[in-house]
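Working through the structure, step by step
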Amino acid sequence: MTVSQFPDPKSGAVTIRFSDVSKHFPPDVVALNDVSFDVRAGEVVVLLGHSGSGKSTLLRQVDGLQRASSGTVSVLGADVGSMRGARARALRRRVGFVFQQFELVGGLTVLENVCTGALGRLRGPRLGLLSYPRSVRREALGQLERVGLAAQAFQRADTLSGGQQQRAAVARALVQRPEILLADEPVASLDPESAAQVMRLIREISVEQGLTVLCSLHQLDLALSWGDRIIGLRSGEVVLDAPSVGLSRESAMEVYTQPAMRSVLTAAG
Amino acid sequence: MMPITRAPAGEGAPAQPRTLAAPRPTSALAFLAIAALLGLGCWAVLDLRINIATLIDSGRNAAEFAGRMFPLDFPGTGELLRLTGQTLAIVVCATLLSVLLSVPIAVLAASNTTPNRTSRYTSRGLIVVARAVPDVVLAIIFFRVFGLGALTGVLAMGLHSVGMVGKLYADAIEQIDEGPRQAVRAGGASRLQELTSGVLPQVLPAFVAHALHRFDINLRISVVLGFVGVNGLGHEIATAFRQLDYQRGMALALVVLVLCIVIELLSGAIRRALLRSTDRGRRSVSSVPSQRGARSEQRLSPRWTFQRIRRAGYLVLTGLVVLASIWGAELSVGQFFGALGDLGSTLGLFWPPETGGMLPTLLADLWVTVKIALAGTLIGAVLALPIGALAARNVAPRASVAKVFRTIVVTVRGLPELVLAIVFVVITGLGPVAGACALGVGAIGLLGKLVADSLEEVDPGKEQAVRATGASAWQVFCSATVPQAAPAFVGHLLYQLDVNIRSATLLGIVGAGGIGFQLLNASRVLEFGVVTTVMLLVFGTVLVVELLALWLRSVLR
Ligand SMILES: Nc1ncnc2c1ncn2[C@@H]1O[C@H](COP(=O)(O)OP(=O)(O)O)[C@@H](O)[C@H]1O
Ligand SMILES: [Mg+2]
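Reading the values: the criteria
One numbering rule holds for all chains: residues counted from 1, following each sequence as written. Think of it this way: whatever chain is written first is A, whatever ligand is written first is 1, and the rest follow in order. Selection of residues for local features in this predicted model requires a pLDDT of at least 70, selection of side-chain atom pairs for listing and counting requires 80 or more, and totals for whole chains, interfaces and linings are taken over all residues. The helix and strand labels rest on DSSP assignments: H or I over at least four residues marks a helix, E over at least two residues marks a strand, and numbering proceeds from the N terminus. In this description the radius of gyration comes from C-alpha coordinates, and the expected globular size is given by 2.2 Å times residues to the power 0.38. With C-beta atoms placed from the backbone, the exposure class of a residue follows from how many other C-beta atoms lie within 10 Å of its own: 20 or more, buried; 12 or fewer, exposed; in between, partly exposed. Here the contact rule is simple: place C-beta atoms from the backbone, and any two residues whose C-beta atoms are within 7 Å are in contact. For every residue, the pLDDT score states the predictor's confidence, bounded by 0 at the bottom and 100 at the top. Whenever a helix is involved, its axis is fitted only over the stretch in contact; in every case the axis is a line through C-alpha atoms, and angles between N-to-C directions fall within 0 to 180 degrees. Two helices that cross are described as forming a left-handed crossing if the nearer one is turned anticlockwise from the farther one by less than a right angle, and a right-handed crossing if clockwise. Charged residues are taken to be Asp, Glu, Lys and Arg, nonpolar residues to be Ala, Val, Leu, Ile, Met, Phe, Trp, Tyr, Cys and Pro, and polar residues to be all remaining types, Gly included. UniProt positions are given in the numbering used here, feature names are shortened, and annotations may be inferred rather than shown by experiment. Strand pairing requires that DSSP identify at least two bridges connecting the strands.

**Thoughts on the overall build of chain B**
Scanning chain B for helices and strands turns up 22 helices and zero strands. Taking 24 Å as the expected radius of gyration for a compact globule of 557 residues, we find that chain B reaches 25 Å, a close match to that expectation. By principal-axis analysis of the C-alpha atoms, chain B measures approximately 70 × 55 × 50 Å. When burial is assessed residue by residue, chain B has 44% of its 557 residues classed as buried. Sequence separation of 24 or more characterises 77% of the internal contacts of chain B that already satisfy a separation of 6 or more.

**Focus: unusual backbone geometry**
The omega torsion of the bond from Pro26 of chain A to Pro27 of chain A falls at 0°, within 30 degrees of zero and hence cis. Relative to the helices and strands, Pro27 of chain A resides in the loop between strand S1 (14-25) and strand S2 (29-40). Between Trp351 of chain B and the following residue, Pro352 of chain B, the backbone shows a cis peptide bond with an omega angle of 0°. Position of Pro352 of chain B among the secondary structure elements: in the loop between helix H14 (333-349) and helix H15 (359-391). Positive phi outside glycine occurs at Asp20 of chain A, with the angle close to 50°. Structurally, Asp20 of chain A is set in strand S1. Residue class for Asp20 of chain A comes out exposed when judged on the 12 C-beta atoms lying within 10 Å of it.

**Comments concerning the confidence of the model for chain B**
Residues and elements named next belong to chain B. On average, residues of chain B score 84 in pLDDT, and 91% of them are at 70 or above. Least confident of the elements in chain B is helix H12 (residues 292-296), whose mean pLDDT is 45; most confident is helix H4 (residues 77-109), at 95. Taken together, the stretch residues 1-15 has pLDDT below 50 and engages in 10 contacts with residues farther than four places along the chain or on a different chain. Two summary scores accompany this predicted model of the complex, namely pTM at 0.81 and ipTM at 0.87.

**As for the packing of helix H8 (residues 178-186) of chain B against helix H9 (residues 191-225) of chain B**
All names here are of chain B. Relative to each other, H8 and H9 sit at 145°, their axes nearing to 8 Å. The element H8 and its partner H9 pack so that their crossing is right-handed. Contacts between H8 and H9 involve Pro180, Arg181, Val184 and Arg185 on the former and, on the latter, Glu194, Ser197, Gly198 and Val199. Within the contact of H8 with H9, the residues separate by chemical class into three nonpolar, two polar and three charged.

**Quick look at the UniProt feature "domain: ABC transmembrane type-1" (unreviewed entry) in chain B**
Residues and elements named next belong to chain B. Following the UniProt record, one finds the feature "domain: ABC transmembrane type-1" (unreviewed entry) at residues 84-267 and 366-549. Its end C-alpha atoms 17 Å apart, residues 84-267 is made of 84% helix and 0% strand. Annotation note: span residues 366-549, helix share 84%, strand share 0%, distance between end C-alpha atoms 20 Å.

**Concerning the sheet that holds strand S4 (residues 70-75) of chain A**
Residue and element names in this part refer to chain A. Pairing is antiparallel in the open sheet, where four strands are placed in the order S2-S1-S4-S5. Each edge of the sheet is formed by a strand with only one pairing partner; in this case those strands are S2 and strand S5 (78-79). Here S1 runs beside S2; their pairing, made up of eight bridges, is antiparallel. Residue pairing across strands places Ile16 opposite Val39, the latter belonging to S2.

Written out as structure tokens, the structure reads:
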């Protein structure tokens, strides 16, 4: 397991830097508009915003799954936009990604799914659980234990409940030995109890391993309770960037209201 | 269930908003086209004088023929086993070849895995060409190069099958859930790893099912190809009929019939086991006690459960069958490469296309083939729609009814068209009526299955919604089940028509009317240019039907 320092979030090295990043989709969708922010090692940053505000698009820029139209995204000291092929893959290896719909391969066992997290550092295609080296399988089982799913290791992934699948997906990301963990609405499809469980897991892992976390959410309460810092997005623009400690519900709520609406609300309130 | 909005992996256009659009003029045109096809079908039935009276009238022929057929003359057991083994070996090798070729072609052809447009269109083109060149023509070409033997059949069926297997594989790849694949990519996997870990596990059951399905089809085709020089049972049948030895010929046809049904049942059982094992996996969710895992903590490979043993067993068995087939077919690499040099000069014989001064005859026969196909499809639809509906579990009044009709469908699918055609040639005499009847009855197998499957695939939620209003079973069927499956029906009918034009050509070879007879004749008298002309004519016709189907499907979607 990679040994990471435990930097103080305020002074840690910058791991993710967005500088004036815009993303356009033809013909006229502006998904991100001049977004700039830094994330430091070990921070847990929550992206908050309506659906359609650009959260997923932003996260995909970090992993190089999509490229910005303008501006630069640098991750772990490298410019993501300029990376292609093997170099882009090498970066992705260092960045774990957890998705809203878990995205496990349903027909495979849970353990094999978790093993696929190691593909980035293995050479060649893998068919079947036994094609992964024992060391990888052992590590994967270890991560499954970490997320409390060792007992389900040999079940088919699609036999798990939603919360279990998402924890397995976290284990898969951890097998990558990532330095950054991205999570795109990881609990939006879960019941409140499983949601809290998954968020707690992500939080704990971040603290244990000094992992930088960038996680999008659309529920304010979850954002306030699990993030160190909240970045609010509205129509692709950053409208809030503040530590969650001391942030009032009301000021965070403004992320959700239209400027026009806000004046109405202020007048009414 | 609709997937929750998920941003596409690439940077493609976002999903179009759904609107309550007014019916477009194109869909009116589509309905007109369908009506016109139906009209043509009716006209073909009338024009060919296919009716009960004719069929009864020809009963006398049948009686007379039966006299010459009995007693059936079976070859000795050893000979029978040798022939059967030969046929099976050729079919296994051909199917294997088609799978080996289809996997890479499908990856290149599927819109979500293709590296670029050029390779996509090239491989789609290859698939279309493979499907369009009839297996008989391929067999005629390879027979010329490699002579009587396994190689001719393996290559002819193997290459032609890519047209179906490659297309189905590409479709299966296009239907995968992109999410898991994107997750694998997000972990830093290479393109190849993405395919093997993110795509293959999703499509594997479909790949195996399609391969088995094609295996069944190839078995039947191999018998017809016996008439143009592919070893095995078909060749013996062809020889027997050529020598007017009906006792031997019909005995062998009976053997083929039994073999086809046995294989059909077998592969059906394997396919179902395949699907059931995935089901069972799902159901075991709650039944697996979590404490059991405490002991398996240290295990790094799965236990040898019954399911795992069975799966490994299937795998080993498949491997053995394949090895035995390659060995049994006596495929010689030396012969292949030795004769490959002749391929060029042989292909030269087929070019340029010639008409042998009988273009009008060829065109007239082509028209007969089209009529046979149209009539066969219409008869098939009339027979297959009710049978298919009753075979669907969610439509049949009782599970037992569905089972009975499924069995009928499966049994008919087991009947080789060749045997059907021979039977109808016996009943109605040589000519197009035999062809149309054979195709019509045969359609119960394919069309009936497709109809039943697409009825079973409808969203049960919508059925439940209608049932919840207090509707009767019949009302549920009409207002929830059929509307959902109707576009698929049109697609299936056109597919059947497409298949039938090819089959009608094939059946002509055994005397069931149409252009196929000209094909066989031309190859007998070594007028290969005419073979090419016939092929191009059939090719053109099939292309027209396919374009029509493509357009209709896109409009009716
Ligand atoms: N591939 C794409 N093509 C075109 N528009 C897109 C694409 N992906 C996202 N968008 C648009 O960009 C905007 C932001 O989307 P997204 O990042 O998915 O928001 P969120 O994740 O916050 O719901 C939306 O208006 C969406 O329609
Ligand atoms: Mg999103």
